[in-house]
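Each chain, written out:
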Amino acid sequence: MAAAAGAAAAVGGEVAGRPEGLPPVLALDIGGTKLAAGVVHADGEVASFLVEPSHAEQGPAPTLERLFDLGRTAVAKSGVPWARIAGVGIGCGGPLDPERGVLVAPPHLPGWRDVPIGALAQRAFERPVTLENDATAAAAGEHAWGAGAGTRNMVYLTISTGVGGGVVIDGRLYRGAMGNGGELGHVTVDWHGRQCRGCGRRGCLEAYVSGTSISERAREAGLAAGTATEVAAAAREGDALAIAVWDETVEALACGVTSIVNLFEPQLVVLGGGVLRTGEQLLGPVREAVRGSAMGPAGRVADIVASAFGDRVGVAGAAAIVYARDGAARG
Ligand SMILES: [Zn+2]
């Protein structure tokens, strides 16, 4: 992302605070539908970026073998010699144990339980490995080099298959007691509402605005359009059913983001994930509604923008956590 590269020099705060001249890292991102790998330089420049389908239903062993192969190819394509790669960062949906490097039971990877991905990656690459919740990592990436560069307080919300969140408070990445803090997709927007696939409760933000939930609501409304992008397009063309589904999406997202803004009073809310391909059709009305309904001055302070890294935010984030951890270790 050209806009993100080179922005690091202007960045303050602990997430991004690091000396110049650090070596590049290999970044891996494990999503429910896609695996991604890339080599990222210390200034946020993504030197290589590769994506392939996850097929996580095959189970951890074959999927991780393909992920690690993708990582090796990403290094080969980056032009960076192996010897210069300082470490490996991995982003994955929670719950996970970042300290032990274990995926506990991520709902987007059915059947994956207590997978010691940190140890497996360390063996495969013979490098130190940092594991982090993917949305927390993405927040670190956007804060270090992307839309949130230079901010002290920001929130990142990813809206894709599920909805995840990451929070930067006073320049520090917020992790919570066990490393799973910031699960903003499970903010309740209707306590009697739709069942959430991610956590089983009712009325979570994720149960309305995730790509999966938008498709589900579209089907229930009798729409032919399937994906969030298709629903958005049909709404633009004036389809009354699509407009109703889209309006509910906007309303639910604005409701959730208003609570988040009231909680954290961030300078910036960065929205990413596949559903954000709909751009201002989603962002515009959400921004307006949040400004109107959040408590002052929080509502007036917070801007709401799209991720600077777009599809590469997972890889940028997985790299940023390596530098953030190094910074934390140095104190
Ligand atoms: Zn939930």
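Not measured: the values here are computed from a predicted model.

Participant: Provide a residue-level description of helix α5 (residues 211-220), including the pertinent values.
Facilitator: In terms of burial, α5 is a largely internal element, seven of the 10 residues being buried. For α5, every residue scored as buried is listed here: Gly-211, Ser-213, Ile-214, Ser-215, Glu-216, Arg-217 and Ala-218. Along its buried surface, α5 packs onto α4 (206-209), α6 (228-236) and α7 (240-264). The first or second residue beyond α5 is Gly-222, which carries a positive phi of 90°.

Participant: How would you explain the sheet that holds strand β2 (residues 34-40) if you had to name every residue and give the values?
Facilitator: Taking strand neighbours across the sheet as the criterion, the five strands line up as β3-β2-β1-β4-β7 in an open arrangement whose pairing is mixed. Each edge of the open sheet carries a strand with a single partner, namely β3 (46-53) and β7 (129-133). Taking each pair of neighbouring strands and ignoring which way they run, the sheet shows an average axis angle of 15°. Pairing geometry for strand β1 (residues 25-30) and strand β4 (residues 88-92), over five bridges, is parallel. When the sheet's bridge partners are listed, Ile-30 is paired in β4 with Cys-92.

Participant: How would you sum up the pattern of salt bridges? Please name residues and give values.
Facilitator: Evaluation of the coordinates by the stated rule reveals 12 salt bridges. Among the ionic pairs, Asp-97 bridges to Arg-100, the shortest N-O distance being 3.1 Å. For Asp-97, a relative accessible area of 16% gives the class buried. A residue is classified by how much of its surface remains accessible, and Arg-100, at 60% relative accessible area, is exposed. Measuring nitrogen to oxygen at the nearest pair gives 2.7 Å for the salt bridge that ties Glu-132 to Arg-175. Of this pair, Glu-132 sits in strand β7 while Arg-175 sits in the loop between β10 (172-174) and α4, and the two are 43 residues apart along the sequence. For Arg-175, a relative accessible area of 22% translates into the label partly exposed. One network of salt bridges, in which partners are shared, links Arg-194, Arg-197, Glu-216 and Glu-220.

Participant: Lay out the sheet that holds β10 in plain terms, naming residues and giving numbers.
Facilitator: Pairing is mixed in the open sheet, where five strands are placed in the order β10-β9-β8-β11-β12. Edge positions in the sheet fall to β10 and β12 (303-306), since each has one partner strand and no second. Strand-to-strand twist of the sheet, defined as the mean angle between neighbouring strand axes without regard to direction, takes the value 25°. In this sheet, β12 lies alongside strand β11 (residues 268-272) in parallel orientation, the contact comprising four bridges. The residue of β12 that forms the bridge with Leu-268 is Asp-303.

Participant: Just give me the short version of the packing of aromatic side chains, but keep the residues and values in it.
Facilitator: Considering all chains together, one arrives at three aromatic pairs under this definition. Ring-pair connections join several aromatic residues into one group, and the members of that group are Phe-68, Trp-82 and Phe-125.

Participant: Any chance you could break down the nonpolar core for me, citing the residues and the numbers?
Facilitator: Among the nonpolar cores identified, the biggest contains 44 residues, and Leu-157, Val-231 and Leu-253 are the most heavily contacted of them. No other element matches the 10 residues that α7 contributes to this core.

Participant: Can you tell me about the coordination of the zinc ion, naming the residues and giving the values?
Facilitator: The protein atoms that coordinate the zinc ion are His-186 (ND1), Cys-196 (SG), Cys-199 (SG) and Cys-204 (SG), at distances spanning 2.0 to 2.4 Å. Classification of the site at the zinc ion rests on its four donor atoms, whose angles at the metal span 103 to 116°, yielding the label tetrahedral. Read in sequence order, the donor residues for the zinc ion give the motif H-x9-C-x2-C-x4-C. Highlighted residues: His-186 in the loop between β10 and α4 and Cys-196 in the loop between β10 and α4, separated in sequence by 10 residues. An identical accessibility class is assigned to His-186 and Cys-196; each is buried.

Participant: Talk me through the pairing of β7; I want residue IDs and the actual numbers.
Facilitator: Counting buried positions over the five residues of β7 gives four, a clear majority of the element. In this structure, β4 lies alongside β7, joined through five bridges in parallel fashion. Within β7, the residue paired with Cys-92 across the bridge is Asn-133.

Cut-off values and rules
Residues numbered from 1 in each chain as written. Predicted model: local features only at pLDDT ≥ 70, side-chain atom pairs only at ≥ 80, totals over all residues. Heavy atoms only, no water. Buried < 20%, exposed > 50% of the residue type's maximum accessible area, 1.4 Å probe, protein only. Helix = DSSP H or I, 4+ residues; strand = E, 2+ residues; numbered from the N terminus. Contact = heavy atoms within 4.5 Å. Pairing = 2+ DSSP bridges. Axes fitted to C-alpha atoms, helices over the stretch in contact; angles between N-to-C directions. Salt bridge = Lys/Arg side-chain N within 4 Å of Asp/Glu carboxyl O. Phe/Tyr/Trp six-rings, centres within 6.5 Å; stacked < 30°, edge-to-face > 60°. Core = buried A, V, L, I, M, F, W, Y, C linked by side-chain atoms within 4.5 Å. Donors = N, O, S within 2.8 Å, 3.2 Å for Na, K, Ca; no water. Tetrahedral: all angles 85-135°; square planar, octahedral: opposite > 155°, others 65-115°.

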